[in-house]
Amino acid sequence: MAALTISSILGQEATVSEQALIGLALGASVITLFIILLMWCLLPRGKLLVNLFKQSGQALAAMPCLLIQPLSTAICVLLVGGYSAANALLVYTAAAPVPTLHDDTQLAVVTYNVTQTQKYMLAYQAIGFIWLCEFAFAYQRMLIAGAVAKWYFDRSGRSPVCGSRWNTIRFHLGSLALGSFIITIVRIPRYILMYIYAKMKASENVIVQKLLACCICTLACIEKCLNYLNYNAYTVIAYTGQSFCPAAKTAVNVLLDNAIHVATINSIGDFVLFLAKAAVGAACASLCLILIKDDASITNWWPQLLIVGLAAYQCCNMD
C-alpha cells in the first residue's frame, strides 16, 4: 500500500511537471510568433536602425573616451551621495542627545530630539541629492549629444568631446539645472506618496490604498514622459544652442513628425541595447569569477557575481 501511494504521488508530480512544461512551451511559442510578426512588420524600416548603429559605431571608434563617461557619472553620483549622507548625519546628530536605558538588555541607547528646523534641513538635503543626481545624468546626456553632433557635422579635426564639454559648461548649465529641477519636482511627491503607501499597508482602508497606488503610477508615468522629453531637448540644445523651453518644443515637434521612425528605434533599438548591456554585465561577472575562483576563503560565489553584474549593467544603463 505504501509503495502504491508513493508511486501514485510520483505519477501526479510527473503529470504536473509535464503540464507545466507544455504550458511554458506554448507561452514561448506565442511570444516567438509575436516577435517574428513584429520584426516582419518593422523590417522595411529597419534600415534606419542599421544605419544608426553604424554611425554610432563610427562615433565610438572616433571618440572612445565616451565609454568612460557613464563610469565618471557613477562616481559623481556616489560622491554626491556620500556628501549628502554626511551632511544629513551631521544635521541629525546636532540635536540634543537623550540616553534611554532598556530594561531587557540593560543597554543605554542614545536618541536625538530632532527639531522642526532640522527636519527642514534634512528635507533640503534629500531634495538637493535628487536634484544633483538628475543634473549629473543631464550633463552626461548633453555632453555625449554635443560630442556626437560636433563629430558628425564638424570635421575640422578639433576634439569633439572637449568642445562639447566647453559649450555645456559655458552656455548650457542653466538648461540642465531647469530640466533636472522639473524631474525633481515630479519625483519628490511620488516618493512622499510611496512613503505614505508603505505606512498604510497595515490599514484596512482599501480605497485610500488604491487611490495612492493610482497617484503613484500616474506620477511615475509623468516622470517617464518628462525624462524622455528632457533627453531629446538636451540633444536639441547640444547641436542648436537653444534654451530649454524652445528646445523642448522643437523636440516635441520632431518626435510627432517622425512618430513611426521613433517607434521603430525605441522598440528594436532598446531591445538591442538591453542585450548589449546584459552582455557587459555578464562579461564583468565572468571576469570576477575568473579572479575569485581560486580563492579558498570564498565558498559561495553567487553574491559577488550578482553584485558585479548588476553594478556593470547599471553603469551601462546611466543614459
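Residues numbered from 1 in each chain as written. Predicted model: local features only at pLDDT ≥ 70, side-chain atom pairs only at ≥ 80, totals over all residues. Heavy atoms only, no water.

Quick notes on the packing of helix α4 (residues 116-153) against helix α6 (residues 173-199)
Argument step 1. Contact geometry of α4 with α6 gives a least axis separation of 8 Å together with a crossing angle of 135°. Judged by the angle between their axes, α4 and α6 are oblique. The element α4 and its partner α6 pack so that their crossing is right-handed. Here Ile127, Ile130, Trp131, Glu134, Phe135, Ala138, Tyr139 and Met142 of α4 come into contact with α6, specifically with Leu173, Leu176, Ala177, Ser180, Phe181, Ile183, Thr184, Arg187, Ile188 and Tyr191.
Argument step 2. Considering only residue class, the contact of α4 with α6 consists of 14 nonpolar, two polar and two charged. (Axes fitted to C-alpha atoms, helices over the stretch in contact; angles between N-to-C directions. Helix = DSSP H or I, 4+ residues; strand = E, 2+ residues; numbered from the N terminus. Parallel < 35°, antiparallel > 145°, perpendicular 65-115°, else oblique. Left-handed = near helix turned anticlockwise from the far one by under 90°. Contact = heavy atoms within 4.5 Å. Nonpolar A, V, L, I, M, F, W, Y, C, P; charged D, E, K, R; others polar.)

Notes on the packing of α4 against helix α7 (residues 206-240)
Argument step 1. Packing of α4 against α7 leaves a shortest axis separation of 8 Å and a crossing angle of 45°. Considering the angle they form, α4 stands oblique to α7. In terms of crossing hand, the pair formed by α4 and α7 is right-handed. Residues Glu134, Phe137, Ala138, Arg141, Met142, Ala145, Gly146 and Ala149 of α4 lie in contact with α7, whose contacting residues are Asn227, Tyr231, Tyr234, Thr235, Ile237, Ala238 and Tyr239.
Argument step 2. Its residues assigned to classes, the contact of α4 with α7 comprises 10 nonpolar, three polar and two charged.

Some details on the nonpolar core
Argument step 1. Formed by 18 residues in total, the largest nonpolar core has its most connected members in Val77, Met142, Leu176, Tyr234, Ile237 and Phe244.
Argument step 2. Within the residue set of this core, elements represented by two or more residues are α4, α7 and α8 (244-257).
Argument step 3. Ranked by residues supplied to this core, first place goes to α4 with seven residues.
Argument step 4. Counting six residues, the second largest nonpolar core, distinct from the first, contains Ala59, Met63, Leu66 and Ala147. (Core = buried A, V, L, I, M, F, W, Y, C linked by side-chain atoms within 4.5 Å. Buried < 20%, exposed > 50% of the residue type's maximum accessible area, 1.4 Å probe, protein only.)

Description of a nonpolar patch on the surface
Argument step 1. Together, Phe53, Phe271, Val272, Leu273, Phe274 and Leu275 make up a nonpolar patch on the protein surface, roughly 530 Å² of accessible area in all.
Argument step 2. Ranked by the residues each element gives to the nonpolar patch, the list is headed by helix α9 (residues 259-292), at five residues.
Argument step 3. Position of Phe274 relative to the elements: it lies in helix α9. (Patch = residues over 30% accessible without salt bridge, like charges linked within 9 Å, V, L, I, M, F, W, Y side chains within 5 Å. Areas by Shrake-Rupley, 256 points an atom, 1.4 Å probe, with all protein chains shown as cover. Salt bridge = Lys/Arg side-chain N within 4 Å of Asp/Glu carboxyl O.)

Section: the layout of surface pockets
Argument step 1. Within this model, the second largest pocket holds a volume of roughly 220 Å³.
Argument step 2. If you list the elements that add at least two residues to the lining of the second largest pocket, you get α3 (69-93) and α4.
Argument step 3. Split by residue class, the lining of the second largest pocket holds eight nonpolar, three polar and one charged. (1 Å grid on protein atoms, 1.4 Å probe; cavity = no way out; pocket = protein on both sides within 12 Å on 5 of 7 lines; lining within 4 Å. Points joined across faces, edges and corners; volume = space filled by probe spheres on them.)

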